[in-house]
Amino acid sequence: MQETTRPRFRDRVIAAINRDPRNAPHGTRNDALLALVLVIGAVCIGLFTGGGDRPDALGWTLLIAAHVPLVWRRRHPMLVLAAVVALIVPYHALDNNHNAPTPAAFVALYTVAVTGRPLRTILVGATVLGISVSVMLTVDTKQALELVRISGWILAVLFSGVDIRYYRQYVTSLVERAERAERTREEEARRRVAEERLRIARDLHDLLAHSITLIGVQTSVAAHVLAADPERLDRQTVAKALDDIAGTCRTARGELRTTLEVLREQGAVGEEARGPLPGLDGVPDLVEAARLAGVRVEQSVRVREAPPAVGAAAYRIVQEALTNVVRHAGPEPDVRVDLYEEDGALRLSVTDDGMGPETGGVSGFGLVGMRERARSVGGTLDAGPRAEGGFEVAAVLPIAVSSSQGAG
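These numbers come from a predicted model, not from an experiment. Each chain carries its own residue numbering, running from 1 in the direction its sequence is written. The model is predicted, so local features are restricted to residues of pLDDT at least 70 and side-chain atom pairs to those at 80 or more, both for listing and for counting; the totals for chains, interfaces and linings are taken over all residues. Hydrogen atoms and water are omitted, and side-chain values are computed over all heavy atoms in the structure.

A. Expanded view of the overall build of the protein chain. Elements are defined by DSSP. Helices are runs of H or I of four residues or more, strands are runs of E of two residues or more, and each kind is numbered from the N terminus. Along the protein chain, the regular secondary structure elements total 13 helices and 5 strands. Counted over contacts in the protein chain with a minimum sequence separation of 6, partners at least 24 positions apart contribute 73%. To measure how exposed things are, a 1.4 Å probe is used in the Shrake-Rupley method; for residues, cover is taken only from the protein chains shown. Looking at the protein chain as shown, the accessible area adds up to about 23,900 Å², and 59% of this sits on carbon and sulfur atoms. Contact definition: two residues touch when any of their heavy atoms are within 4.5 Å.

Structure below.
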């Protein structure tokens, strides 16, 4: 069983200073002990010091009773101060020892100062001082002047309470800011994790859909050659189809390894954890792979340079668009891939003259993923059938704005 270490005395004192007295644990018990200590001190002062006559029976009763309200000073500081003053005033009026109740009065004043607003504290201090001086003037003018002379102690107690109150508010604000910053960091971390999971899901979808579609087409070619005329087997065509399948598998395996390595990274963040991003230089490979699958593709790439995030988004959009062509456009469709720069944006279009997706078929995530990739770099994407037949995917990806954004 793990042993718990008790906080040091200094740490407990600092925690008590920083803590709001109204929220302190065991407050009533601690105040009862404080009141008992103050009563003992007041009795000693009344017995062994000057400053008035030694209290009689009524004086002792008023003196001890003035300490009782201190037990509830944290809950009702103003009422406690009023009760203490109400008991101390007749005590002084009887010309009992004037020093004995001073500690209890100071504690009640301090509690009001440390728990109330500064303006209220000033008004309360002025009222208590005015009442005390008025009572002393009726008893002993010399004692009244002495009280005025030592009124600095009253002001010191009040300002100490106000200062500690402001200090506690400052500490509380620091703690709140630290907690808020921690919550913000946690929310940001969760947001980044969600974005990274979405990015990985998009990459896996694009990669696997593209590769599996090409492998399926190439496998169909090999199966057709084998079944068409077994006696006049075109070994060269079959071998080429199988080589294409092997090449597609190798490419897919490499991209899949790069994507899955992100899931194994624990310390790296940002681009270091993502690995190299695909870009516009990979578009010719996508076109060539589509041609091997039986698609007649024309390409036109007129872009000088694009930020990595924009290049990666354009690559994935072209990849998904060509995959959809292979899957849905029918046999040997004509496709045109255009990428060019205009008005500070990369404009992309993939058009075909095929049949398009079957109506009533199961909707996948291809178009959704392409739109998400365009939005991730601040762009837009439109996709749909053309009036003259076929299908078109068109995207506008800002180049200047997206240079500082992530890959998405």
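B. Region of the structure containing the pairing of strand β4 (residues 380–385). In this scheme, strands are said to pair when DSSP sees at least two bridges between them. Of the pairings in the sheet, the one linking β4 to strand β5 (residues 391–398) comprises 6 bridges and is antiparallel in character. Residue pairing for β5: Ala-383 is matched across the bridge by Val-393. Counted between consecutive antiparallel strands, the loop separating β4 from β5 contains 5 residues, among which Gly-389 sits at a positive phi close to 105°.

C. Structural detail: the nonpolar core. Within this scheme, the nonpolar core is defined by two criteria: the residues are buried Ala, Val, Leu, Ile, Met, Phe, Trp, Tyr or Cys, and they are joined through side-chain atoms within 4.5 Å. Only protein chains enter the area calculation, which uses a 1.4 Å probe; residues under 20% of their type maximum are buried, those over 50% are exposed, and those in between are partly exposed. By size, the foremost hydrophobic cluster in this structure holds 39 residues, and its most contacted members are Val-318, Leu-339, Leu-346, Leu-348 and Leu-397. The element that contributes the greatest number of residues to this core is helix α12 (residues 308–328), accounting for 11 residues. Ignoring any residue separated from it by four or fewer positions in sequence, one finds Leu-346 in contact with Leu-280, Val-303, Ala-306, Val-310, Ala-314, Leu-339, Tyr-340, Ala-395, Val-396, Leu-397 and Ile-399. Counting residues in hydrophobic clusters, the runner-up holds 22 residues, among them Val-84, Val-85, Ala-108 and Ala-113.

D. Molecular detail of α12. To estimate the expected span of a helix, subtract one from its residue number and multiply by 1.5 Å. Relative to the 30 Å expected for 21 residues at 1.5 Å per residue, α12 spans 30 Å between its end C-alpha atoms, a close match to the ideal helical length. Backbone geometry just after α12 places Gly-330 at a positive phi near 95°.

E. Local environment of the pattern of salt bridges. Any carboxyl oxygen of Asp or Glu within 4 Å of a side-chain nitrogen of Lys or Arg constitutes a salt bridge here. Here the structure, examined in full by the defined rule, presents 10 salt bridges. Put simply, Arg-291 and Glu-288 hold a salt bridge, and the shortest N to O gap is 3.9 Å. With Arg-291 and Glu-288 both in helix α11 (residues 283–292) and 3 residues apart, this pair spans about one turn of that helix. Given a relative accessible area of 36%, Arg-291 falls into the partly exposed group. Owing to a relative accessible area of 39%, Glu-288 belongs among the partly exposed residues under this scheme.

F. Main features of helix α5 (residues 102–115). Between its terminal C-alpha atoms α5 stretches 20 Å, which fits the 20 Å expected from 14 residues at 1.5 Å a residue. Buried within α5 are the following residues: Ala-104, Val-107, Ala-108, Leu-109, Thr-111, Val-112, Ala-113, Val-114 and Thr-115.

G. Expanded view of the side chain of Arg-73. Of note, Arg-73 is situated in the loop between α3 (57–65) and α4 (77–93). Within the structure, Arg-73 has its side chain in polar contact with the side chain of Thr-111 (distance 2.7 Å). Dropping the residues within four chain positions of it, Arg-73 is found in contact with Asp-31, Leu-34, Val-80, Val-107 and Thr-111. Whenever two N or O atoms come within 3.5 Å, that pair is a polar contact, provided that in protein one can donate a hydrogen and the other can accept it, and provided that, for residues adjacent in sequence, both atoms are side-chain atoms.

H. Broad picture of the packing of α4 against α5. Interhelical geometry of α4 versus α5 gives an angle of 155° and a closest axis separation of 9 Å. As judged from the angle between their axes, α4 and α5 are roughly antiparallel. Once α4 is placed against α5, the crossing between them reads as left-handed. Counted together, Pro-77, Met-78, Leu-81, Val-84 and Ile-88 of α4 and Ala-105, Ala-108, Leu-109, Thr-111, Val-112 and Thr-115 of α5 form the full contact between these two elements. Classification used: nonpolar for Ala, Val, Leu, Ile, Met, Phe, Trp, Tyr, Cys and Pro, charged for Asp, Glu, Lys and Arg, polar for all others including Gly. Of the residues contributing to the contact of α4 with α5, the split by class is 9 nonpolar, 2 polar and no charged. Between N-to-C directions, angles cover 0 to 180 degrees, with each direction set by a line fitted to C-alpha atoms, over the stretch in contact for helices. An angle below 35 degrees is treated as roughly parallel, one above 145 as roughly antiparallel, one from 65 to 115 as roughly perpendicular, and anything else as oblique. By the definition used in this description, the sense in which the near helix is turned from the far one sets the handedness, with an anticlockwise turn below a right angle giving left-handed and a clockwise turn giving right-handed.

I. Fine view of the sheet that holds strand β2 (residues 334–342). Taken in spatial order, the 5 strands of this open sheet run β1-β2-β3-β5-β4, and their pairing is mixed. Strands at the two margins of the open sheet, each flanked by one partner only, are β1 (296–302) and β4. Looking at each pair of strands side by side, their axes are set apart by 5° on average, direction ignored. Sheet analysis places strand β3 (residues 345–352) next to β5, joined by 8 bridges and oriented antiparallel. Residue pairing in the sheet places Asp-352 in a bridge with Phe-391 of β5. Packing of α11 onto the sheet brings it into contact with β1 and β2, and relative to β1 it is tilted by some 170°. Helix-sheet contacts for α12 involve β2, β3, β4 and β5, and the interaxial angle to β3 is about 5°.

J. Region of the structure containing a nonpolar patch on the surface. Residues Tyr-167, Tyr-170 and Leu-174 make up a contiguous nonpolar surface patch of about 290 Å² in total accessible area. With respect to the helices and strands, the residue Tyr-170 is situated in helix α8 (residues 151–228). Take Tyr-170: its relative accessible area is 47%, and that puts it in the partly exposed class. What makes a patch is a set of residues exposed beyond 30% relative accessible area and free of salt bridges, joined within 9 Å when like-charged and within 5 Å when nonpolar (Val, Leu, Ile, Met, Phe, Trp, Tyr).

K. Quick peek at the confidence of the model for the protein chain. Predictor confidence is given residue by residue as pLDDT, running from a minimum of 0 to a maximum of 100. Residues with a pLDDT of 70 or more make up 72% of the protein chain, whose mean pLDDT is 76. Throughout residues 266–274 the model reports pLDDT below 50, and contacts reaching past four residues in sequence, or to other chains, amount to 12 contacts. This model gives residues 401–408 a pLDDT under 50, and the stretch forms 23 contacts once residues within four places in sequence are excluded.

L. Examining unusual backbone geometry more closely. Located in the positive-phi region is Asp-343, a residue other than glycine, with phi close to 55°. On the basis of relative accessibility, which here comes to 71%, the residue Asp-343 falls in the exposed class.

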